[in-house]
Amino acid sequence: MNPEPSGLFPEFIRSLPMVERPVVPLLGWLLQATEAVAMFYELPEGADLAEHVHGAQWGVVLRGVVDFTIGGETRTLGPGDTYSIPAGVPHSAFMHPGTAGIDVFADADRYSAVKDA
């Protein structure tokens, strides 16, 4: 069963294409451009993201708590905290249940939208 949006994001954000789920259960909406992609997301059940690398990423936590390890340094982030991950730097995260935020990726093809059935 898919989780329902919390109402954190306004309707015009929730009207964006849904992200092809990199993590389940994730609610995510994509704003794609040729230069980058932004993902507005909610993780009702949280997620444990294993260490990985990709292009540059910037994000902000809007709700909840994220334990982020970036380049071997761990920080606990809460609402209003931002993070920046340079391209190619290993990172992982434990996103506590109820976390929501915005991630912007320099890799414009990092995520794709769910295809219509």
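Model, not experiment: these values are computed from the prediction.

Asks: Would you mind showing me how to read the overall build of the protein here?
Replies: Regarding its fold elements, the protein presents 1 helix and 9 strands. From first element to last, N terminus to C terminus, the protein shows the α and β order α-β-β-β-β-β-β-β-β-β. Relative to the compact-globule value of 13 Å for 117 residues, the protein shows a C-alpha radius of gyration of 13 Å, a close match. Projected onto its principal axes, the C-alpha coordinates of the protein cover approximately 40 × 30 × 25 Å. The buried share of the protein, taken over its 117 residues, is 39%.

Asks: What is the right way to read the layout of surface pockets from this model?
Replies: Any empty space left between the atoms is revealed when a probe the size of a water molecule rolls over them. Taken as a whole, the largest pocket holds about 220 Å³ of empty space. Contributing to the lining of the largest pocket are 18 residues, with Leu49, Met95, Asp103, Phe105 and Tyr111 lying nearest its centre. Here the residues of the lining of the largest pocket sort into 12 nonpolar, 4 polar and 2 charged.

Cut-offs applied
- Residues numbered from 1 in each chain as written.
- Predicted model: local features only at pLDDT ≥ 70, side-chain atom pairs only at ≥ 80, totals over all residues.
- Heavy atoms only, no water.
- Helix = DSSP H or I, 4+ residues; strand = E, 2+ residues; numbered from the N terminus.
- Rg over C-alpha atoms; globule rule 2.2 N^0.38 Å.
- Buried < 20%, exposed > 50% of the residue type's maximum accessible area, 1.4 Å probe, protein only.
- 1 Å grid on protein atoms, 1.4 Å probe; cavity = no way out; pocket = protein on both sides within 12 Å on 5 of 7 lines; lining within 4 Å.
- Points joined across faces, edges and corners; volume = space filled by probe spheres on them.
- Nonpolar A, V, L, I, M, F, W, Y, C, P; charged D, E, K, R; others polar.

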